[in-house]
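Below, each chain spelled out in residue letters.
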Amino acid sequence: MSNNKEVTHRDLTPKHLCPAMLMKPLLTHGMDDVVRDGRQWPGDGHYWCAKTCTCIGPDDAHVHPKDCQPGRSCYDGPEP
Amino acid sequence: MNSRDRTPPEKELKVGFGSLIETRTFEVPAGDAPPWDATTKLSVVGSDADRADGRDKASGRAKYTHDIAFPGMLQAAILRAPIARGLLQNLDLEKARSMPGVAAVIALKEVGKRVRFVGDEIAAVAAPTLDLCRDALEAIVAEYAQEGHTVDFLFADGAPVLDEQGDITDPWPDAGEELTAAFAKAKTTVTGTYRTEVQTHASMESHGAVAKWTDADLDVYMSTQATFGVRGELSQAMRAAGLQCKSVTIHAEFVGGGFGSKFTAGAEGRAVALLAHAANAPVKLVLNRFEEHTCTGNRPAALMQFRAAVDEQGAIIAWDQRSWGGCGHNGQGGGIAIPDHLLAKAARRRERAHQDLATDADPARPMRAPAHPQGFFGAELCIDELAAAAGIDPLALRKQNDAQPLRLQQYELGAERFGWEQARAAAAEAKQDQHARYLRGVGCASARWGNLGNDGRGRGDGPGHGAVCRIHQDGSVEARSGAQDVGTGFKSVLTNLTAEELGIRAEQVRATAGHTTDPSGPAAGGSTTTASLAPVIRHAAFLCKQELAKKAAEHLGVAADSIVFAAGRLSAGDTSMSFGDACKLIGPNPIEMRGERFPNYKGKVFERGVCGAQFAEVEVDTWTGIVRVLRMLAIQDCGIVVAQKPAESQVLGAMIQGIGFALHEQRILDRQSGRMLNGDFLRYKVPGALDVPPMEVIMQSVANGHSNCSAAGLGEAPTCASAAAIANAVFHAIGHPVRRLPITPDKVLAALHQRGGK
C-alpha cells in the first residue's frame, strides 16, 4: 500500500451490502480487523448467501460484495 | 449507567515474556476483573489440567450430530450433478415421491439453472432408511445440457505459461524504481516458481445436521463452527423458502472439526430443514466422505513466483512476488499470505499482483489460516534458497531480518532445543558420502497470526459477547457459552478460567458450549473464540465471586473485599471456610451472572498477534524418493496460555496437518469428467500414526495487556510454518528445492536428478 492508513474489512464493505450476503468477518465479529495485504474487498474472498446457503444467490449468479447491492434482483436490503 | 460508560482508569501492567517483560500503561474499563499480567501467579490457568471434555470423548459419551436421534426420525440424502458444467434441463421428482415410505422429495436446483461442478446439489429426499433414500435418488430423473469444462486452474483463462520445469516464463511486470534499484544493488538474487495443490478440510466429522420442527420453531443439531451465524442464516433461508419460522435454535455440543468449512449451514443444512418441514418429522442428513471431500470447500491451489535479494550484510533488501489462486467456480479466495515480518528491510512492489482463477470445481472455503500455508511454504523456501545462494545459514538469515523480538527469542530457544547447528552439521557431513542412500536435512520456518479478540459489538451498542457463570448451593459450578467448541478445547477455556477465578479445581466446573439458548459468541474462525470469550468468561466468574463473597463475609464477619478465593477456600486473615460451605449460604436459587466483554484495552500491547517458529528434520530415501519426517519442534505463543493441554494439542494438530500438506494431500480431479478421483481416506492421504514423528511443543505464555486475561488466538498461527519447515528440511537434505507440494517421491527423484545434472 502506498500509505500507512490501516484499512479494515468494514472500510472495504459497500455501504448498501445486501444483508443476506455473509462472510467470515461478519460471523467472527471481525469487521474492524485490519486488512494488511492490499485486497480490494472485505473478508477472505469467500462469500455466500443466507437465502441459499451457498455461494450462488437466488438469481443463479455468484455472491460477491461488488454484486450484492441495490439493483440486483434478489437484493433484500433497504433501498438507499 | 453501563459500566462501559465510566472513565477507564489507567493501570500499569507488566507485559511481555522472559527478558522482554516491561511495564506499560493501559486504560482498564471500570467494572472489569483486575487484569492479569506477566507477574500474576496462576494455578489452574496454564496448568496441565485435563481437557474438560476429554473423558466424554474418550468414553463415547460425547454426542456428535451423527449420534443425535429422535423417535420417528428420517434419514436424508442428496442427488448431486454428475457433470462439471452445464444447465439443468429437466427434473422429475414424481416417481421418487410416489415410492412407498419416501416422506419428502425437494428440488435444490430449479430447471434452467446452472450446474457448476460435479457434486452440485440437485435434489434431496427423506425416508426412514438410507437405503430407501438412495433408491429414491435413483428414481429421480435429472437431465442436463452439458458444456465443456476446465477443472485444472493452470488451463483456466488468465493462467500464466509454465515451462517444462514448471517455472513461470512470462516476464515480470514493471517493478517500479525503488524495487528495481534494490535488486540492482543486491549481492545475491534468487527467483523461483512455487506451487501448492488443493487441500480438503478432511474433518473427522463430516458436515451434517438433524432438523426438528415444533410448529414454527426449528431446532437444528448441526456440526458447525458458527452456532449463531447459522441460526441467522437458516432463519433467512427458511423465510426465503416461504416457511413460517418464528425461531431457530442451534445445538452443537460436540463438533469433530471444521477448519473453516463449517461457517455456513450449507446446501445440506438448508435441505435438511426443508425436508423436515415437508415430512413433518425430524430428519438427519450427514454427508459421506466422498461428499465431504468434493462438496464442502477446500484450501485452493496456489501458483506463486518470488524473487528475493540480500545485500552484502545479509539483509533481505528486495522482494517481489506474483501469484495465482486455483479456485473453484466462484473464482475467489485464492490469495496468499507470506511472512512479512521477515521483509521489513525489503523494497516491495506497491500493487498487489494476484489473480484468482475460476475452474468448474467445488468452490474454496476458508481453511485454517487461509492463504498462509501456501504463501509461507513458497516464501520460506525461497528465503532458504536465498540463504544457500548467499552462503548464509537460513536460521541466521531469519534472525537478522525478523522484526519481532519474541520470535527472535523463539529462534534461539528452538535452535538450542532442536540442536540446530549439530543436526545441520551432521547432515552436511553425511552428504559427503556420495553413495549414501539416506540423506537427512533440517529446516525451520516462522509462524504468525494476529487476533486479540473483539467485544462482539462492532460499532454498535449491543450487549456484545456473553457468558454465564452459575454457582449452586450444592457447590457445583456451571460455565456456559452459546459459542461452539469445534474440538479446539474451548470448554477447557470455560472451566479453567472459571476455576481460576473461584479458586477451585477445573474438574469442579461443568462447561457447556454450543447451544444458542446461551449467551452469544463469535464463530470459531480466525483464531477468534478464545481471544474474544476468555475475558468475558473470567468476568462472569468474577461477578459470581463477588456475590458469593458477600454471603461469606456476612457469615465470617469480615469485609467482602477482604476475602481471597484460593485452594478451594474463602479466606480473610485468620478466618476461612471451604468453597463448598460458602455455597451452602446461596439458597435454592443459584448465583447467576452474565459476564461482559469489554473492548480491548487502549494502550500499547506487547504483540498485536502471536508468534511462532517451527523446526523439522527429515530423512530422504534417494532410491525411492520417499520423505520421512523424523522429528518436529514448535515454539508458539498465544497470549497467556489458558488451557495448556488443548493448546499443545492445537499446535500438534497443526503440525500434523502440515505434514499432510507438505507430503501427502492433493485433491485429484479427472480432467475428462471433473470428478474427484481420490475422494476418500484411502487415496486422499492424511497423515496416519506412522507418518507422525516425535513432536515437541513449547508454549510460551505471553502477557499482551489487551484484556483481563491476555488470551490471544491460537488456531491459525502454527499452521503457517509446518509445511514450510518440512520443505526447507528436504531442500537441506538433497541440496535442491522441491518447489511444488506435496513433496511426493516423483518430485524428490526429479529434484535429485536435477541436482545431479548440475
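1. Considerations on the overall build of chain A
Along its length, chain A carries two helices and four strands. In sequence order, the secondary structure elements of chain A are arranged as β-α-β-α-β-β. By its C-alpha atoms, chain A is 40 × 25 × 20 Å across when sized along the principal axes. Across chain A, every contact between residues at least 6 apart in sequence was considered, and the portion connecting residues at least 24 apart equals 50%.

2. Some remarks on helix H5 (residues 227-240) of chain B
Residues and elements named next belong to chain B. Along its 14 residues, H5 runs 20 Å from first to last C-alpha, staying within 8% of the 20 Å computed at 1.5 Å per residue. Of all the positions in H5, only Thr-227, Phe-228, Gly-229, Val-230, Glu-233, Leu-234, Ser-235, Ala-237 and Met-238 are classed as buried. Trailing H5 by a residue or two, Gly-242 shows a phi angle of about 85°, which is positive.

3. So, the sheet that holds strand S2 (residues 22-27) of chain B
All names here are of chain B. Pairing is antiparallel in the open sheet, where three strands are placed in the order S1-S2-S28. Each of the sheet's edge strands pairs with one partner strand only, and the pair in question is strand S1 (10-15) and strand S28 (602-603). Bridge count between S1 and S2: six bridges; the pairing is antiparallel. When the bridges of S2 are listed, Val-15 appears paired with Glu-22.

4. Describing the side chain of Thr516(B)
All names here are of chain B. Secondary-structure assignment places Thr-516 in the loop between strand S23 (509-513) and helix H13 (529-556). Relative accessible area serves as the criterion here: at 7%, Thr-516 is assigned to the buried category. There is a polar contact of 2.9 Å between the side chain of Thr-516 and the backbone nitrogen of Ile-250. Contact partners of Thr-516, with chain neighbours within four places excluded, come to Thr-227, Phe-228, Arg-231, Val-248, Thr-249 and Ile-250.

5. Things to note about the interface of chain B and chain A
Contact residues are listed per partner, giving 40 residues for chain B and 40 residues for chain A. When chain B packs against chain A, close to 3000 Å² is buried across both sides, 51% of that on carbon and sulfur atoms. In this assembly, chain B and chain A are joined by two salt bridges. Counting residues per element, the ones that place at least two in the side of chain B that touches chain A are H5 and helix H6 (266-279) of chain B. No other element matches H5(B), which puts six residues into the side of chain B that touches chain A. Here the side of chain B that touches chain A is built from residues that sort into 13 nonpolar, 17 polar and ten charged.

6. Quick look at the packing of aromatic side chains
Residues and elements named next belong to chain B. Applying the stated criterion to the full structure yields seven aromatic pairs over all chains. Pairing Tyr-64 with Phe-254 gives two aromatic rings, centres 5.8 Å apart and planes at 50°, and the pair type is tilted. Of the two residues, Tyr-64 is situated in the loop between helix H1 (54-59) and strand S3 (74-80) and Phe-254 in the loop between strand S13 (247-251) and H6; the sequence distance between them amounts to 190 residues. Ring geometry for Phe-70 against Tyr-221: centres 5.4 Å apart, planes inclined by 55°, an arrangement best described as tilted. With Phe-70 in the loop between H1 and S3 and Tyr-221 in strand S12 (residues 217-222), this pair connects stretches of sequence that are 151 residues apart. According to the relative accessible area criterion, Phe-70 is partly exposed, its value standing at 21%. Taken together, the ring pairs connect Tyr-194, Phe-306, Trp-319 and Phe-377 into an aromatic cluster. In this structure, Arg-322 packs its charged tip against the face of Trp-172, placed 4.5 Å from the ring centre.

7. Focus: H6(B)
Residue and element names in this part refer to chain B. The terminal C-alpha atoms of H6, which comprises 14 residues, lie 20 Å apart, in line with the 20 Å expected from a rise of 1.5 Å per residue. Buried residues dominate H6, accounting for twelve of its 14 residues. Taken as a whole, H6 has its buried residues at Gly-266, Ala-267, Glu-268, Gly-269, Arg-270, Ala-271, Val-272, Ala-273, Leu-274, Leu-275, Ala-276 and Ala-279. Backbone geometry just downstream of H6 places Asn-280 in the positive-phi region, at approximately 55°.

8. A word on the sheet that holds strand S24 (residues 564-566) of chain B
Residue and element names in this part refer to chain B. Pairing is antiparallel in the open sheet, where three strands are placed in the order S24-S25-S26. Edge positions in the open sheet fall to S24 and strand S26 (575-578), since each of these has one partner strand only. For this sheet, the mean inter-axis angle between neighbouring strands, taken without regard to orientation, is 25°. Relative to S26, strand S25 (residues 569-572) runs antiparallel, the two sharing four bridges. From the neighbouring strand, Arg-569 faces S26, where its bridge partner is Ser-578. Taken strand by strand, H13 contacts S24, S25 and S26, and its axis lies near 120° from that of S26.

9. Some remarks on the confidence of the model for chain B
Interpreting fine coordinate detail is not advised for predicted regions of low pLDDT. Per-residue confidence for chain B gives a mean pLDDT of 96, with 99% of residues at or over 70. This complex was scored by the predictor with a pTM of 0.96 and an ipTM of 0.95.

10. Quick notes on the confidence of the model for chain A
Mean pLDDT over chain A: 91, with 95% of residues reaching 70 or higher. At the level of individual helices and strands, chain A shows its lowest average pLDDT in strand S3 (residues 34-35) of chain A, which scores 88, and its highest in strand S4 (residues 47-49) of chain A, which scores 98.

Reading guide: rules and limits
- Residues numbered from 1 in each chain as written.
- Chains lettered and ligands numbered in written order.
- Predicted model: local features only at pLDDT ≥ 70, side-chain atom pairs only at ≥ 80, totals over all residues.
- Heavy atoms only, no water.
- Helix = DSSP H or I, 4+ residues; strand = E, 2+ residues; numbered from the N terminus.
- Contact = heavy atoms within 4.5 Å.
- Expected span 1.5 Å × (residues − 1).
- Buried < 20%, exposed > 50% of the residue type's maximum accessible area, 1.4 Å probe, protein only.
- Pairing = 2+ DSSP bridges.
- Polar contact = N/O pair within 3.5 Å; in protein donor to acceptor, adjacent residues only side chain to side chain.
- Buried area = accessible area lost by both parts, 1.4 Å probe.
- Salt bridge = Lys/Arg side-chain N within 4 Å of Asp/Glu carboxyl O.
- Nonpolar A, V, L, I, M, F, W, Y, C, P; charged D, E, K, R; others polar.
- Phe/Tyr/Trp six-rings, centres within 6.5 Å; stacked < 30°, edge-to-face > 60°.
- Lys NZ or Arg CZ within 6 Å of the ring centre and 35° of its normal.
- Axes fitted to C-alpha atoms, helices over the stretch in contact; angles between N-to-C directions.
- pLDDT = per-residue confidence, 0-100.

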